[in-house]
Amino acid sequence: MKIPATKYPVERLTLDNGLRVVLSPDRSAPVVGVAVVYDVGIRSEPEGRTGFAHLFEHLMFQGSGNIDKLEHARHVQGAGGSFNGSTHLDYTDYYEVLPAGGLERALFLEADRMRGPRLTEENLRNQVDVVKEEIRVNVLNRPYGGFPWLKLPPVMFSTFPNEHDGYGSFADLESATLADAEEFFERYYACGNAVLAVAGDFDLAKTTELIKRHFGDVPARPAPARPDFDEPDLTAERRESYTDRLAPLPAVASGWRVPDPIGDFTGYLPYTVLAEVLTDGDASRLVDRLVQRDRTVTSIGGYLGFMGDEYAVRNPTALLLQAHLPPGGDAEKVLRTVDEELDRLATDGLRPGELARTQARIATHHLREIDAVLGRAQPMAVLEQQRGRPELINEVPKLIGEVTEEQVVAAAATLRPERRATVEVKPGAGA
Amino acid sequence: MSTHVLPGLAPDSKIKLPRSAERTLASGLTVIAIRRPAVPLVELRLRVPFGRAPLPRATLLSQALFTGTGSMSSLEIASELQAVGGGLSAGLDPDRLLVTGNTLAAGLERTLEILAAVLTDPAYPADEVGTERERLVDHIQVAQSQPAHLARTALLKRIYGRHPYAVQTPEPEQVRGVRPAQLRALHADRVRPDGAVLVLVGDINPEKAIDAADKALGSWTGPGKDGNVPAIPALETGPLLLVDRPGSVQSSLRLAMPAVPRTDPDYAPLLLANLVFGGYFSSRWVENIREDKGYTYGPGSSIEHFLAGSSLVASVEVATEVTGPSLLETVYELGRIASLPPGEEELEQARRYALGTLRLGMSTQAGLAALASMYASFGLRLDYLVEHSAALAAATREQVAEVASRYLAPAKAVTVVLGDAERIEGQLAALTAVERDA
């Protein structure tokens, strides 16, 4: 099957204050997506302030120079739109998706908080409470909370930026101060450290003017120097386990370091194919073996990046496998079988058709994502920020299609037990 | 220079429905094909009437639908689909068996052929069914450790009583007893084209896509079965039902209220009243208990539609220590929307949100497919979007207030709370009568 390509236009410009802009008009539906991405994430949090990048993201919705508390949401939703933000390892994004008529309003709102959020003690305390409830919902009050994205990094990594809990400890969140927030904004929320992307139904020339009008007076501040977060690869296997008092069944996740997603993109791409060869659907290697034949796991997934952000993460990162086991399941046995299947792949290569069908399915997943305006605006902003290459959004299916069997086999051969970090969930629930 | 004044909104263009075609095949299968060529894919949704099907068997059938045909193993089904960039999966709700899938546009015919083989020539091999049965049991066991699932289970039981909707997840023990032969029998009996609707959306010529579906699925025949579920019972108010989850660091509050189907004249005003109350971020409930009080990460309130009736459910997870205060604020906000008309501006805001959400929902292939398939299963077509938009645009403040007084009155709500009973029973009992789950 021939892998199709998309031709979304990509226009780039940089404002005088250093703000980078990516524009991708497409009039197939009367909606627009607006994304602003700041080059700061969980890895940049200071020690003693775990969870701060995410807490700060919340504060960006609490009003700004010309916007009162609650108004951001009201203005976006009152324009028929939706909004949110999310905090990742290497970036924090903010977005709106709206009927086309709301575009200028979204630009205004983003520019206003780029000039500065309204930071108050009351809002800070309120959002610390909200974030604690978010952590309770997503981590503390449910089985497998934070597994593996919060649980595996401390096993794999040894430095604070890479290993710490990005949701944050309650103690750290509670000790956050307004001064911390002001300093964080000053340092990281510089417009030179941001990218704005707009995708969807708009006129290019008119929108360029609107962007200059609204963002032109954001004070120029350069991007801070970004530290290299690299760590040496593992030379001996690391393994830890913990008891999850709410989990009725065991689970296990392993990660292996992969090549630098940006510095060595050619070396990295085969791992994205490998992850799907191993776990995408019933015809994949590990689902067939572990789920269908051995019945040693009930489900298994494989992906790149602890937050699944394969094209939106910098070095160091990992290929992850995570599996849920049946009652009494033996994680050790699962790991041995994974090793066996990786050996088989590395030794015998791929089966006829296996690579092509995996590539075809990856193309479908990718095209499906980018059919949505936000599915283009958000990744384009990150691709611009991390790589200066937003047009990669059109090129991914082709690049995936060019990955060779030799590359996939070579990638599989690097997933050795001695390079592996593993975390096991022991069921602590009575069920 | 910029003066930093909030810009107004450019007026929306008229809703433009995508090009589509529809045909009911000789077998009774309705095929709806919709053109949105933005990316070279096709989204597929098939809904087959499944009301009153025995739950453990139906649930396992949905999990095991792709385990094999007379000529293909599960592995072959999956790899043949993958070869055209395709994928299919199945799920179940109390009314329908739902097949969801997508494929590269050039793979549509092949994907339909494989779907046809699964529908007309299923094998349910004992080995594979055994695997899926164990997976389903494990999956249910995990679900039963999740507060959201437990709260929902308790709420369904409480509001539906002896109605078939009361239980929507089978017990592990019931699933363990299901045999492959029973799946084959259920499939033969219920996986029938009569009354089913297939929706195809994407980079297609609608007429040709229907031809392709006709060709591939022509051999899928057989009479449908009357799966009509009796109308849901009226809500029976009573004491708050408290379900104990010892050690829970949050409480899950669920309030069910009456609602109406999409075609009812009350629907648009009710939808708006619900938005103003708690149906989106800029609602009173969210602004109160999240943005003012910090009791929760995210409350939400929405109208759920089943074939046999609709209900309105408000859901929130709150810190254990503020369970009582959260209920107090919730009842206050319901009482306010039920007793006083909404403000002009907050109603306009909710209206624009409702209208905008429709446009956003239509803006992708997957969104269109979900809408078209869902509407079709209620006998509606995409042109309902136009009609519904007009109703939303026309609803007056008086209508919204009047409808809110009838549907959102806290006195009519059925309340279930899941949490650490020892720590929250006193808080709740200070506000209302409480009964413990047996």
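Note that the structure is predicted; figures quoted are calculated from it, not measured.

What counts and what doesn't
Residues numbered from 1 in each chain as written. Chains lettered and ligands numbered in written order. Predicted model: local features only at pLDDT ≥ 70, side-chain atom pairs only at ≥ 80, totals over all residues. Helix = DSSP H or I, 4+ residues; strand = E, 2+ residues; numbered from the N terminus. Rg over C-alpha atoms; globule rule 2.2 N^0.38 Å. Buried ≥ 20, exposed ≤ 12 C-beta atoms within 10 Å, placed from the backbone. Contact = placed C-beta atoms within 7 Å. Expected span 1.5 Å × (residues − 1). Axes fitted to C-alpha atoms, helices over the stretch in contact; angles between N-to-C directions. Parallel < 35°, antiparallel > 145°, perpendicular 65-115°, else oblique. Nonpolar A, V, L, I, M, F, W, Y, C, P; charged D, E, K, R; others polar. Pairing = 2+ DSSP bridges. pLDDT = per-residue confidence, 0-100. Core = buried A, V, L, I, M, F, W, Y, C linked by C-beta atoms within 7 Å.

Looking at the overall build of chain A
Argument step 1. Assigned secondary structure in chain A consists of 16 helices and eleven strands.
Argument step 2. For chain A, the C-alpha radius of gyration of 22 Å lies close to 22 Å, the compact-globule estimate for 431 residues.
Argument step 3. In terms of principal-axis extent, the alpha carbons of chain A reach across some 60 × 50 × 40 Å.
Argument step 4. With 431 residues in all, chain A has 57% of them scored as buried.
Argument step 5. Once local pairs closer than 6 in sequence are excluded, the contacts in chain A between residues at least 24 apart make up 81%.

Observations concerning the overall build of chain B
Argument step 1. Per the secondary structure count, chain B includes 16 helices and twelve strands.
Argument step 2. Compactness check: chain B gives a C-alpha radius of gyration of 24 Å against a globular reference of 22 Å for 438 residues, within 12% of the reference.
Argument step 3. Along the longest, intermediate and shortest principal axes, the C-alpha atoms of chain B span 65 × 60 × 45 Å.
Argument step 4. Buried positions account for 53% of the 438 residues belonging to chain B.
Argument step 5. Pairs at least 24 apart in sequence give 81% of the contacts found in chain B among residues at least 6 apart.

Remarks on helix 3 (residues 108–120) of chain B
Argument step 1. The first and last C-alpha atoms of helix 3 of chain B sit 18 Å apart over 13 residues, in line with the 18 Å expected at 1.5 Å per residue.
Argument step 2. On its buried side, helix 3 of chain B packs onto strand 3 (41–49), helix 2 (74–83), strand 4 (87–92), strand 5 (96–104) and helix 8 (206–217) of chain B.

Notes on the packing of helix 12 (residues 344–361) of chain B against helix 14 (residues 384–394) of chain B
Residue and element names in this part refer to chain B.
Argument step 1. It is at 10 Å that the axes of helix 12 and helix 14 come closest, and there the two elements cross at 170 degrees. As the angle between them shows, helix 12 and helix 14 are arranged roughly antiparallel. Of the residues in helix 14, those in contact with Arg351, Ala354, Leu355 and Leu358 of helix 12 are Leu385, Ser389, Leu392 and Ala393.
Argument step 2. Grouping the amino acids of the contact of helix 12 with helix 14 by side-chain chemistry returns six nonpolar, one polar and one charged.

Things to note about the pairing of strand 4 (residues 82–87) of chain A
Residue and element names in this part refer to chain A.
Argument step 1. Note: strand 4 against strand 5 (residues 92–99), six bridges, orientation antiparallel. Paired with Ser86 across the two strands is Asp93, which belongs to strand 5.
Argument step 2. Once strand 4 ends, the chain turns through four residues before running back antiparallel as strand 5.

Examining the sheet that holds strand 1 (residues 11–14) of chain A
Residues and elements named next belong to chain A.
Argument step 1. Read from one edge to the other, the open sheet built from six strands follows the order 1-2-6-3-5-4, with strand pairing classed as mixed. The strands lining the two open edges of the sheet, one partner per strand, are strand 1 and strand 4. Direction aside, neighbouring strands of the sheet carry axes that sit 15 degrees apart on average.
Argument step 2. As paired strands, strand 2 (residues 20–25) and strand 6 (residues 194–200) are joined by six bridges and run parallel to one another. The residue bridging Ser24 from the neighbouring strand is Ala199, located in strand 6.
Argument step 3. Relative to strand 3 (residues 31–38), helix 3 (residues 103–115) is tilted by about 10 degrees, and along the sheet it contacts strand 3, strand 5 and strand 6.

Digging into the sheet that holds strand 11 (residues 414–419) of chain B
Residues and elements named next belong to chain B.
Argument step 1. With mixed pairing, the six strands of this open sheet are ordered in space as 9-10-8-11-7-12. Because the sheet does not close on itself, it has two edges, and the strands there are strand 9 (300–306) and strand 12 (434–436). The mean angle between the axes of side-by-side strands here comes to 25 degrees, regardless of whether they run parallel or antiparallel.
Argument step 2. Where strand 7 (residues 240–244) and strand 11 come together, four bridges link them in parallel fashion.

Here we look at the confidence of the model for chain B
Argument step 1. Across chain B, the average pLDDT comes to 97, with 100% of residues at 70 or higher.
Argument step 2. Confidence metrics for the complex model read pTM 0.97 and ipTM 0.96.

Quick notes on the environment of Gly102 of chain A
Argument step 1. Along the polypeptide, Gly102 of chain A turns up in the loop between strand 5 and helix 3.
Argument step 2. By the C-beta count within 10 Å, which is 29 here, Gly102 of chain A ends up buried.
Argument step 3. Gly102 of chain A sits 21 residues away from Gly81 of chain A along the chain, and the two C-alpha atoms are 7.7 Å apart.
Argument step 4. The contact partners of Gly102 of chain A, leaving out residues within four places of it in the chain, are Ala79, Gly80 and Gly81 of chain A together with Leu9 of chain B.

Let's talk about the nonpolar core
Argument step 1. Counting 279 residues, the largest nonpolar core has Leu196 and Ala377 of chain A together with Leu272 and Ala372 of chain B as its most contacted members.
Argument step 2. Here the element with the most residues in this core is helix 9 (residues 267–279) of chain B; it accounts for nine residues.
Argument step 3. Those residues in contact with Leu272 of chain B that sit more than four places away from it in its chain are Leu347, Ala350, Arg351, Ala354, Leu392, Ala395 and Val400 of chain B.

Describing the interface of chain B and chain A
Argument step 1. Contacts between the two partners involve 65 residues from chain B and, on the opposite side, 70 residues from chain A.
Argument step 2. For the side of chain B that touches chain A, the elements supplying multiple residues, two or more each, are helix 2, strand 5, helix 4 (126–143), helix 10 (284–292), strand 10 (309–319), helix 12 and helix 13 (365–377) of chain B.
Argument step 3. No other element matches helix 12 of chain B, which puts eight residues into the side of chain B that touches chain A.

So, the environment of Tyr280 of chain B
Argument step 1. Checked against the element boundaries, Tyr280 of chain B lands in the loop between helix 9 and helix 10.
Argument step 2. On the neighbour-count criterion, Tyr280 of chain B (23 C-beta atoms within 10 Å) is buried.
Argument step 3. Separated by 19 residues in the primary sequence, Tyr280 of chain B and Pro299 of chain B have C-alpha atoms spaced 8.7 Å apart.
Argument step 4. With residues up to four places along the chain from it excluded, the contact list for Tyr280 of chain B reads Gln77 of chain A together with Leu275 and Tyr353 of chain B.

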